[in-house]
Amino acid sequence: MIEKGKSTYDKIYDIVREIPQGKVASYGQIAELAGNRRWSRVVGYALNVSPEDKGLPCHRVVNRYGEPSKCFETAGENRQIKLLEAEGVRFVDGRVDMEHFQWNRRVF
DNA sequence: AACATGACATAAG
DNA sequence: CCTTATGCCATGT
């Protein structure tokens, strides 16, 4: 069967939903897993226009430096950081410790 | 079809 | 470390 209807955004959302709790993924990583590593920008755009946060842990997506999005800034604090820390993700100097918390997809 | 936008990534100075 | 500039690509107008 021809499976269509799956737009690029859907693929991206699908990957994002697979990010386990306590882990984070970079835009480039998601783009690559979604099928094209050059979709990094599209990933950000997709999350920006994401219809709902339901089942979409967009807070587990950070840039390659582990920095959270400014869109989560509220009252001078990043809600994204709080959410991640609540999941066990450690932050160092305002950035995620990517070395230890970046999603591997093949857990091991 | 053309242009503008964007929660990125990489390179260069 | 910082700022610019360029590449990249789906979407919306």
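Above: the structure in question.
Below: a short report on this structure.

1. Examining the packing of helix H2 (residues 27-34) against helix H3 (residues 40-48)
Close contact between H2 and H3 brings their axes to 8 Å; oriented N to C, the two are set at 100°. Classified by the interaxial angle, the pair formed by H2 and H3 is roughly perpendicular. Contacts between H2 and H3 involve Tyr27, Gly28, Ile30 and Ala31 from the first element and Ser40, Val43, Gly44 and Leu47 from the second. Taken together, the residues of the contact of H2 with H3 sort by class into 5 nonpolar, 3 polar and no charged.

2. A closer look at the protein's contact with DNA strand B
Taken together, 13 residues are adjacent to DNA strand B, and Tyr27, Arg41, Asn48, Arg64 and Ser69 come closest. Protein-proximal atoms of DNA strand B, defined as those within 4 Å of the protein, fall in sugar or phosphate at a share of 38%. A distance of 2.7 Å separates a base nitrogen of DNA strand B from a polar side-chain atom of Arg41. Residue Leu47 places a main-chain N or O atom 3.3 Å away from a base nitrogen belonging to DNA strand B. Mapped onto the surface near DNA strand B, the elements with two or more residues apiece are H2 and H3. Per-element tally for the surface near DNA strand B: the top contributor is H3, with 6 residues. Here the residues of the surface near DNA strand B sort into 5 nonpolar, 6 polar and 2 charged.

3. Structural notes on the layout of surface pockets
Its boundaries defined by the atoms lining it, the largest pocket holds a volume of some 280 Å³. Taken together, 13 residues line the largest pocket, and the ones lying closest to its centre are Gly44, Leu47, Asn48, Ser69 and Cys71. Top contributing element to the lining of the largest pocket by residue count: H3, with 5 residues.

4. Regarding the protein's contact with DNA strand C
In the neighbourhood of DNA strand C, the contacting residues comprise Ser7, Thr8, Tyr9, Arg38, Trp39, Arg41, Val42 and Tyr45. The contact in question runs from a base oxygen of DNA strand C to an N or O atom on the side chain of Arg41, over 2.5 Å. Where the surface near DNA strand C is concerned, the elements lending two or more residues are helix H1 (8-18) and H3. Its residues assigned to classes, the surface near DNA strand C shows 4 nonpolar, 2 polar and 2 charged.

5. Quick word on H2
Within H2, the full set of buried residues consists of Tyr27, Gln29, Ile30, Ala31 and Ala34. Buried-residue contacts for H2 involve H1, strand S1 (25-26), H3 and strand S2 (61-62). Gly35 sits one or two positions beyond H2 and adopts a positive phi of about 130°.

6. Some thoughts on unusual backbone geometry
Positive phi outside glycine occurs at Ala75, with the angle close to 60°. Judged by its relative accessible area of 81%, Ala75 falls in the exposed class. Its identity as a non-glycine residue notwithstanding, Asp93 has a phi of 60°, on the positive side.

7. Here's the deal with the pattern of salt bridges
Within this structure, the stated rule accounts for 3 salt bridges. With a closest N to O distance of 3.3 Å, Glu18 and Arg105 form a salt bridge. Placement of the pair is Glu18 in helix H1 and Arg105 in the segment after helix H5 (98-101), with a sequence separation of 87 residues. For Glu18, a relative accessible area of 37% translates into the label partly exposed. Between Arg60 and Glu87 there is a salt bridge whose closest N-O contact spans 2.8 Å. Of this pair, Arg60 sits in the loop between H3 and S2 while Glu87 is found in the loop between helix H4 (79-86) and strand S5 (91-92), placing the two residues 27 residues apart along the sequence. With a relative accessible area of 10%, Arg60 lands in the buried category. On the basis of relative accessible area, Glu87 is assigned to the buried category, the value being 18%.

What counts, and where the lines are drawn
- Residues numbered from 1 in each chain as written.
- Chains lettered and ligands numbered in written order.
- Predicted model: local features only at pLDDT ≥ 70, side-chain atom pairs only at ≥ 80, totals over all residues.
- Heavy atoms only, no water.
- Axes fitted to C-alpha atoms, helices over the stretch in contact; angles between N-to-C directions.
- Helix = DSSP H or I, 4+ residues; strand = E, 2+ residues; numbered from the N terminus.
- Parallel < 35°, antiparallel > 145°, perpendicular 65-115°, else oblique.
- Contact = heavy atoms within 4.5 Å.
- Nonpolar A, V, L, I, M, F, W, Y, C, P; charged D, E, K, R; others polar.
- Near = heavy atom within 4 Å.
- Polar contact = N/O pair within 3.5 Å; in protein donor to acceptor, adjacent residues only side chain to side chain.
- 1 Å grid on protein atoms, 1.4 Å probe; cavity = no way out; pocket = protein on both sides within 12 Å on 5 of 7 lines; lining within 4 Å.
- Points joined across faces, edges and corners; volume = space filled by probe spheres on them.
- Buried < 20%, exposed > 50% of the residue type's maximum accessible area, 1.4 Å probe, protein only.
- Salt bridge = Lys/Arg side-chain N within 4 Å of Asp/Glu carboxyl O.

From the geometry alone we can't say anything about function, so treat these as descriptive.
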